Amino acid sequence: MAERACRCCGVGVAVPDPHHLVRRRHQGTDEPANIIPLCRTCHTLFHNGVRWVAVAIRAALLPHELAYITVLKGREWVDRIYPVAA
Ligand SMILES: [Zn+2]
Ligand SMILES: [Zn+2]
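The secondary structure content of the chain amounts to four helices and four strands. Mapped from its N terminus to its C terminus, the chain presents α and β elements in the order β-β-β-β-α-α-α-α. Expected size for 86 residues packed as a compact globule is a radius of gyration near 12 Å; at 12 Å, the chain falls within 12% of this value. Projected onto the principal axes, the alpha-carbon positions of the chain cover approximately 35 × 30 × 25 Å. In the chain, buried positions account for 21% of the 86 residues. When contacts within the chain are restricted to residue pairs at least 6 apart in sequence, those whose partners lie at least 24 apart make up 56%.

In this structure, C6, C8, L38, C42, F46, V53 and I57 are the most contacted members of the largest nonpolar core, which totals 15 residues. The dominant element in this core, judged by the number of residues it contributes, is helix 2 (residues 51-60), at three residues. Beyond its immediate stretch of four places on either side in the chain, V53 contacts C8, C42, L45 and F46.

Cut-off values and rules
- Residues numbered from 1 in each chain as written.
- Chains lettered and ligands numbered in written order.
- Predicted model: local features only at pLDDT ≥ 70, side-chain atom pairs only at ≥ 80, totals over all residues.
- Helix = DSSP H or I, 4+ residues; strand = E, 2+ residues; numbered from the N terminus.
- Rg over C-alpha atoms; globule rule 2.2 N^0.38 Å.
- Buried ≥ 20, exposed ≤ 12 C-beta atoms within 10 Å, placed from the backbone.
- Contact = placed C-beta atoms within 7 Å.
- Core = buried A, V, L, I, M, F, W, Y, C linked by C-beta atoms within 7 Å.

Listed below in structure tokens is the structure:
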């Protein structure tokens, strides 16, 4: 089975964690634009509120992913949850 790269740190993972950019309880869906692959370490760090992980995810978002979460939640939400590197 091909490995997939963690979107945050780039490490190859056989079975990455699916991370919902917008969580389901915040109206996120299961469509592909809302789900990115993360390694377990980065996934845990993100949900523990580690800022550099959120910044790295923002930098690695593909245009259609950024568009999806911006349409759904608005620019302020996106910039708060996934900050642009200073
Ligand atoms: Zn990672
Ligand atoms: Zn997650």
